[in-house]
Amino acid sequence: MAKKVGVSEATVSRVLNGKPGVSDSTRQAVLSALDVLGYERPTQLRGERARLVGLVLPELQNPIFPAFAEVIGGALAQLGLTPVLCTQTKGGVSEADYVELLLQQQVSGVVFAGGLYAQADAPHDHYRRLAERNIPVVLVNASIEDLGFPRVSCDDAVAVEQAWRHLGSLGHERIGLVLGPDDHVPSARKLAAAKALADLPDEHVARAMFSIEGGHAAASRLIDRGVTGFICASDPLALGVIRAARRKGLDVPGRVSVVGYDDSALMNCTEPPLTTVRQPIEAMGRAAVELLNAQVGGGSVPAEELLFEPELVVRGSTAQAPRP
């Protein structure tokens, strides 16, 4: 324990026995190490919550989630809080199971960077358990309305408006959307924004799972319906659209233009480099940690959703619409 924290054994002994003469920061570092290493706290210290914070991610295959984890984890560490990464896998530990594990560890709070709160038809009882236990929680990006937790989101409506106006300026008239599942709240916001901008036919909207394969399948249908400009709900979906176009012998961006969403890692290294709408990950991640830390300290936080402005990043996957 002393070696992990970088203090003497005597200092660790003073902390574990509740003795004076140890700074608050050192005391918290020792207690965090105790939790991370899996040791039980001494009886007199069990009333305190651990300086651990659950960081729950839906997956790691989409590069946007490791990017959020890096920002949030770094911001937590600066506050003396230790992030506990909880990543869901197919057939593995569920989000609800992770919540139970975190409650057992007496975590100080939980940050969800994507998850079932964004799916209207998914089970949400584990979120209500956190609320009942008064555990500080922050949600990153759009969620269902009745959970009552602070939210930090990228403005989906502005993202679609930026992408739509960009494609429109290039002469694209047959614009289509490749979105997530029907109950996915951020996708629903993007669809509503697109319909507010133009008369969008239902046959120009395709739903898919968030993967390259999902984007490929959805785009194949839309290409057959004459769509030339694609707005996608994630970068992997956009890469799937590009693959679908090439499988049909269509050049990107010569015949088909594609706009992604997130600006996740390496999107400037794809062929062609992906035009996408960038989420302000750094600002969003730090805001999420600030909201969480305020709750941990007993302060009040705004109930309103904090919306952050995205940024269109124009690269090589969009060009003038093809002539008839």
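Here, every reference points to the structure presented above.
Computed from a predicted model, the values in this text were never measured in an experiment.

(A) Focus on the overall build of the chain. A tally of regular secondary structure across the chain gives eleven helices and twelve strands. If you line up the chain on its principal axes, its C-alpha atoms span 80 × 35 × 35 Å. Residues classed as buried in the chain amount to 52% of the 324 residues present. In the chain, once contacts between residues fewer than 6 apart in sequence are set aside, the share between residues at least 24 apart is 70%. Total accessible area on the chain stands at roughly 14,800 Å², and carbon and sulfur atoms take up 51% of it. The distance from the centre of the 31 positive side-chain charges to the centre of the 37 negative ones in the chain is 4 Å.

(B) Looking closely at the environment of Asp 202. Looking at the secondary structure, you find Asp 202 in the loop between helix 8 (185-197) and strand 7 (205-207). Separated by 25 residues in sequence, Asp 202 and Leu 177 have C-alpha atoms that sit 9.7 Å apart.

(C) Helix 4 (residues 64-78), seen in detail. Over its 15 residues, helix 4 runs 22 Å from end to end, which matches the ideal 21 Å to within 8%, given 1.5 Å per residue. What helix 4 keeps buried is the set Ile 64, Phe 65, Phe 68, Ala 69, Val 71, Ile 72, Gly 73, Ala 75 and Leu 76. At its buried positions, helix 4 is contacted by strand 1 (52-57), strand 2 (82-87), strand 3 (109-112), strand 4 (137-140), strand 9 (257-262) and helix 11 (281-296). Phi turns positive one or two residues past the end of helix 4, at Gly 80, with a value near 80°.

(D) Representation of the sheet that holds strand 12 (residues 311-313) within the structure. As summarised here, the arrangement of the six strands in space is 7-6-8-9-10-12, forming an open sheet in which the pairing is mixed. The two strands at the open ends of the sheet, each matched to only one other strand, are strand 7 and strand 12. Along the sheet, successive strands turn relative to each other by an average axial angle of 20°, direction set aside. In terms of strand pairing, strand 9 meets strand 10 (residues 275-278) through four bridges, oriented parallel. Its bridge partner being in strand 10, Tyr 261 is matched across the sheet by Val 277. The strands touched by helix 9 (residues 212-224) within the sheet are strand 6 (175-179), strand 7 and strand 8 (229-232), with strand 7 carrying the most contacts at an inclination of about 155°.

(E) Geometry of the pattern of salt bridges. Applying the stated rule across the entire model yields 14 salt bridges. Between Asp 125 and Arg 128 there is a salt bridge, with its nearest N and O atoms 3.7 Å apart. With Asp 125 and Arg 128 both in helix 6 (residues 125-132) and three residues apart, the pair spans about one turn of that helix. Residues joined by salt bridges that share partners form a network here, namely Asp 263, Arg 278, Glu 311 and Arg 315.

(F) Structural context of the pairing of strand 8. Burial of the side chains of strand 8 extends over both faces: Gly 229 and Ile 231 are buried on one face and Phe 230 and Cys 232 on the other. Across four bridges, strand 6 lies against strand 8 in parallel orientation. The partner of Ile 175 across the bridge, within strand 8, is Gly 229. Relative to strand 9, strand 8 is paired through three bridges, and the arrangement is parallel. Note on strand 9: the bridge partner recorded for Gly 229 is Ser 257.

(G) Local environment of the packing of aromatic side chains. Scanning the entire structure with this criterion turns up three aromatic pairs. Measuring from centroid to centroid gives 5.1 Å for Phe 112 and Tyr 127, while their planes differ by 65°, and the two rings are edge-to-face. Separated by 15 residues along the polypeptide, Phe 112 in strand 3 and Tyr 127 in helix 6 bring together distant segments of the chain. In terms of burial, Phe 112 and Tyr 127 fall into one category: buried. Taken together, the ring pairs in this structure connect Phe 112, Tyr 117 and Tyr 127 into an aromatic cluster. The ring of Tyr 261 carries Lys 190 above its face, with NZ or CZ at 3.8 Å from the centroid.

Cut-offs applied
Counting starts from 1 at the beginning of each chain's written sequence and moves along it residue by residue. This being a predicted model, a pLDDT of at least 70 is required before a residue's local features are given, and a value of 80 or more before pairs of side-chain atoms are given or counted; all residues contribute to the totals for chains, interfaces and linings. By convention in this description, side-chain values take in all heavy atoms of the structure and omit both hydrogens and water. Under the scheme used here, helices are H or I runs from DSSP no shorter than 4 residues and strands are E runs no shorter than 2 residues, and both carry numbers assigned from the N terminus. The cut-offs for exposure are 20% and 50% of the maximum accessible area for each residue type, with area from a 1.4 Å probe on protein chains only; residues under the lower value are buried, those over the upper are exposed, and the others partly exposed. The contact rule is simple, with two residues in contact once any of their heavy atoms fall within 4.5 Å. In short, Shrake-Rupley with a 1.4 Å probe defines the accessible areas, and a residue's cover is counted only from the protein chains shown. Two residue types count as positive, namely Lys and Arg, and two as negative, namely Asp and Glu; His and chain ends fall outside the count. A single reference atom marks each charge: NZ on Lys, CZ on Arg, CG on Asp, CD on Glu. What a helix should span is 1.5 Å times the count of its residues minus one. Paired strands are those between which DSSP finds at least two bridges. Fitted lines through C-alpha atoms give the axes, limited to the stretch in contact for helices. The angle between two N-to-C directions lies from 0 to 180 degrees. Here, a salt bridge means any side-chain nitrogen of Lys or Arg that lies within 4 Å of a carboxyl oxygen of Asp or Glu. Put simply, two rings from Phe, Tyr or Trp (the six-membered ring, in Trp's case) pair if the centres are within 6.5 Å, and we call them stacked under 30 degrees between planes, edge-to-face over 60, tilted for the rest. Geometrically, a charge over a ring is one whose NZ (Lys) or CZ (Arg) sits within 6 Å of the ring centre while staying within 35 degrees of the ring normal.

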